[in-house]
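As a plain string of letters, each chain reads:
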Amino acid sequence: MENAKSFVSITDLTQRLRWLWLINAAVMPWLLLVGVIPAELTGNVAWLAIGYPIFYIGVPLLDRWLGQDPNNHSEEDVPALEADPYFKQALFFALFGSVLAWFAGIYYATVNDLSWPALLALSVAAMGFGGGLINLGHELGHKRGRSDRIGASISLGIALLPHFNVEHNRGHHRAIATPEDHASSRLGENFYQFAVREQINTWRRGFALEKERLAKQGKGFWSRDNEILPGIIIGLVFLTAVGVLCGAKILAFVVFASWLGHLNLSLANYIEHYGLLRQRDASGRYEPPRPQHSWNQNALVSNLFTFQLQRHSDHHAHPSRSYQCLRHFDDVPQLPWGYYEMFLLAYIPPLWFKVMDKRVLEWAGGDLSKTNLHEPKRRHYEAVSAQLA
């Protein structure tokens, strides 16, 4: 089934249909608890996980039905859109809704003394929710306003990922689409290999980058100017409150569910730059990041749920550009489907490689030197490239 062109445009979503951004506060976070009613009625705790398939199957189906939106705003309209406070307010509404839904989920798990299987099911439902919380911290973290930074710290602190914006802004954005970037996946690297490499090394890089920045200013890591510290404090206060008020069992549930949210971030990172490589210039330096170094997607519904994260090509070329203004480019690598559909594909490496490898090699013109290659599989891809020649 081909992706159809949507009858709704980005210009609609920033004008007459702008209220739709509020579903990220009023609807999406509460999928965490959508399984409570059938679980209570039937006594089957497996229902508590139902939010995951509803979202991760429902959104791709809606994407296929409502189609693609390749439209862009006129550049003359962008300054007014950037200055419009509504779009920042939508982010904070989503943050409030997400935190409220998470606290409601923790409260439900505590007062009902859920069993370990029930907590596992509820954790699965929380996976996409946790990823959404991190995405909010990501969007807010690219801005320098005081309220933006506070919002990012709250979001990432409660998501238990306090280092993310330092690592993402000063690490990933500078090193994208290179072998040196832990958050850029390589051609032939499956999702599970990538997640282990990414999750360990991005924590290390985030703290190392901030420690290095502070050292240049003659300050220690525990300086009040540490940009990671607010998120650490918020996270510790959150976990302490959960442990004291709800007990060790619920604390373990919160930590595990949060890690599943981190895994959702790993899925996004995996699909966003898979196999793409920035070339070196005559001096040996990598060329600047351009739209061509990220995979782009215009699926309408999943872009709505991710605050246009799928227009990733423009995001990496212009990191300060707000989500409502991000553009589609025709001459950049295009993912075949929306993020949530690609996430499901990434879980099954043979299917992922079947769909994506040919796209990477076609984009590189069959030249492996123009791909970010997983070296243990070089011989395999040399054979594949030879067949394409």
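That block above? That's the structure.
Everything numeric here is computed off the predicted structure, so don't read it as measured data.

Caption draft 1: View of the side chain of Asn 226. On the secondary structure map, Asn 226 appears in the loop between helix H10 (191-216) and helix H11 (229-246). Within the structure, the side chain of Asn 226 is placed 2.5 Å from the backbone oxygen of Phe 221, a separation counted as a polar contact. A polar contact of 2.7 Å, which involves the side chain of Asn 226, links it to the backbone nitrogen of Ile 228. Look past the residues within four positions of Asn 226 in its chain and what remains in contact with it is Glu 210, Arg 213, Leu 214 and Phe 221.

Caption draft 2: The arrangement of the packing of aromatic side chains in detail. Counted according to the given criterion, the structure contains 27 aromatic pairs. Seen from their ring centres, Tyr 340 and Phe 343 are 5.7 Å apart, and the 75° between their planes marks the pair as edge-to-face. In this pair, Tyr 340 and Phe 343 are both assigned in helix H15 (residues 339-346), three residues apart and thus about one turn of the helix distant. Overall, the relative accessible area of 6% leaves Tyr 340 in the buried class. Put simply, the rings of Tyr 52, Phe 55, Tyr 56, Phe 305, Tyr 339, Tyr 340 and Phe 343 pair up and form one aromatic cluster.

Caption draft 3: Spatial organisation of the environment of Phe 305. With respect to the helices and strands, Phe 305 occurs in helix H13 (residues 300-305). The spacing of Phe 305 and Tyr 270 is 35 residues in sequence and 19 Å in space, taken between C-alpha atoms. In this structure Phe 305 touches Ile 23, Asn 24, Met 28, Phe 55, Val 59 and Tyr 340, once residues within four positions along its chain are discounted.

Caption draft 4: Region of the structure containing the packing of helix H7 (residues 116-141) against helix H12 (residues 248-272). Their axes nearest at 7 Å, the elements H7 and H12 cross at an angle of 45°. In terms of their interaxial angle, H7 and H12 are classed as oblique. Remark: the crossing between H7 and H12 carries right-handed chirality. Within the contact of H7 with H12, the residues separate by chemical class into 17 nonpolar, seven polar and one charged.

Caption draft 5: Up close: the nonpolar core. If you look at the biggest cluster of nonpolar residues, it comprises 97 residues, and the most contacted ones within it are Trp 21, Trp 102, Phe 253, Tyr 274 and Trp 352. Counting five residues, the second largest nonpolar core, distinct from the first, contains Val 166, Leu 209, Leu 229 and Ile 232.

Caption draft 6: How the structure looks around the environment of Trp 352. The topology assignment puts Trp 352 in helix H16 (residues 349-363). When sequence neighbours within four positions are dropped, the list of residues in contact with Trp 352 reads Tyr 270, Ile 271, Tyr 274, Met 342, Leu 345, Ala 346 and Asp 357.

Caption draft 7: Fine view of the environment of Ala 241. When you line up the elements, Ala 241 lands in helix H11. For Ala 241 and Leu 251, which are 10 residues apart along the polypeptide, the C-alpha to C-alpha distance reads 9.2 Å.

Caption draft 8: Fine view of the pattern of salt bridges. Under the defined criterion, the tally for this structure stands at 22 salt bridges. Across the pair Arg 149 and Glu 227 runs a salt bridge whose closest N-O atoms are separated by 3.7 Å. Of this pair, Arg 149 sits in helix H8 (residues 146-158) while Glu 227 is found in the loop between H10 and H11, placing the two residues 78 residues apart along the sequence. With a shortest N-O distance of 3.0 Å, Arg 327 and Asp 314 are connected by a salt bridge. Linking Arg 327 in the loop between helix H14 (312-317) and H15 with Asp 314 in helix H14, this pair joins segments that are 13 residues apart in sequence. Looking at Asp 314, the relative accessible area reads 0%, which means it is buried. Each of Arg 144, Arg 149, Arg 170, Glu 210, Arg 213 and Glu 227 takes part in salt bridges that share partners, so that together they form one network.

Caption draft 9: Layout of helix H9 (residues 164-175). Counting buried positions along H9 gives 10 out of 12 residues, so the element sits mostly inside the fold. Of the positions making up H9, those classed as buried are Phe 164, Asn 165, Val 166, Glu 167, His 168, Arg 170, Gly 171, His 172, His 173 and Ala 175. The secondary structure elements touched by the buried residues of H9 are H7, H8, H10, H12 and H14. Of the residues one or two after H9, Ala 177 is the one with positive phi, at around 55°.

Caption draft 10: Expanded view of H7. With 26 residues, H7 should cover 38 Å at 1.5 Å per step; its first-to-last C-alpha distance of 35 Å lies within 8% of that length. Taken as a whole, H7 carries its principal kink of about 40° at Ala 126. The buried fraction of H7 amounts to 22 of the 26 residues, a majority that puts the element mostly inside the structure.

Caption draft 11: How the structure looks around a nonpolar patch on the surface. On the surface, a nonpolar cluster with roughly 300 Å² of combined accessible area is contributed by Trp 30, Phe 96 and Leu 100. Among the structural elements, Phe 96 can be located in helix H6 (residues 85-111).

Caption draft 12: Broad picture of the packing of H6 against H7. Where H6 meets H7, the axes come as close as 10 Å, and the angle between the chain directions of the two elements is 155°. The angle between the axes of H6 and H7 places the two elements in the roughly antiparallel class. In the crossing of H6 with H7, the sense of the turn from one axis to the other is left-handed. Between H6 and H7, the contacting residues are Leu 91, Phe 92, Ala 94, Leu 95, Ser 98, Trp 102, Gly 105 and Ala 109 on the first element and Leu 119, Leu 122, Ala 126, Phe 129, Leu 133, Leu 136, Glu 139 and Leu 140 on the second. For the contact of H6 with H7, a count of residues per class yields 13 nonpolar, two polar and one charged.

Rules used throughout
- Residues numbered from 1 in each chain as written.
- Predicted model: local features only at pLDDT ≥ 70, side-chain atom pairs only at ≥ 80, totals over all residues.
- Heavy atoms only, no water.
- Helix = DSSP H or I, 4+ residues; strand = E, 2+ residues; numbered from the N terminus.
- Polar contact = N/O pair within 3.5 Å; in protein donor to acceptor, adjacent residues only side chain to side chain.
- Contact = heavy atoms within 4.5 Å.
- Phe/Tyr/Trp six-rings, centres within 6.5 Å; stacked < 30°, edge-to-face > 60°.
- Buried < 20%, exposed > 50% of the residue type's maximum accessible area, 1.4 Å probe, protein only.
- Axes fitted to C-alpha atoms, helices over the stretch in contact; angles between N-to-C directions.
- Parallel < 35°, antiparallel > 145°, perpendicular 65-115°, else oblique.
- Left-handed = near helix turned anticlockwise from the far one by under 90°.
- Nonpolar A, V, L, I, M, F, W, Y, C, P; charged D, E, K, R; others polar.
- Core = buried A, V, L, I, M, F, W, Y, C linked by side-chain atoms within 4.5 Å.
- Salt bridge = Lys/Arg side-chain N within 4 Å of Asp/Glu carboxyl O.
- Expected span 1.5 Å × (residues − 1).
- Bend = angle between axes of the 7 residues up to and from the residue.
- Patch = residues over 30% accessible without salt bridge, like charges linked within 9 Å, V, L, I, M, F, W, Y side chains within 5 Å.
- Areas by Shrake-Rupley, 256 points an atom, 1.4 Å probe, with all protein chains shown as cover.

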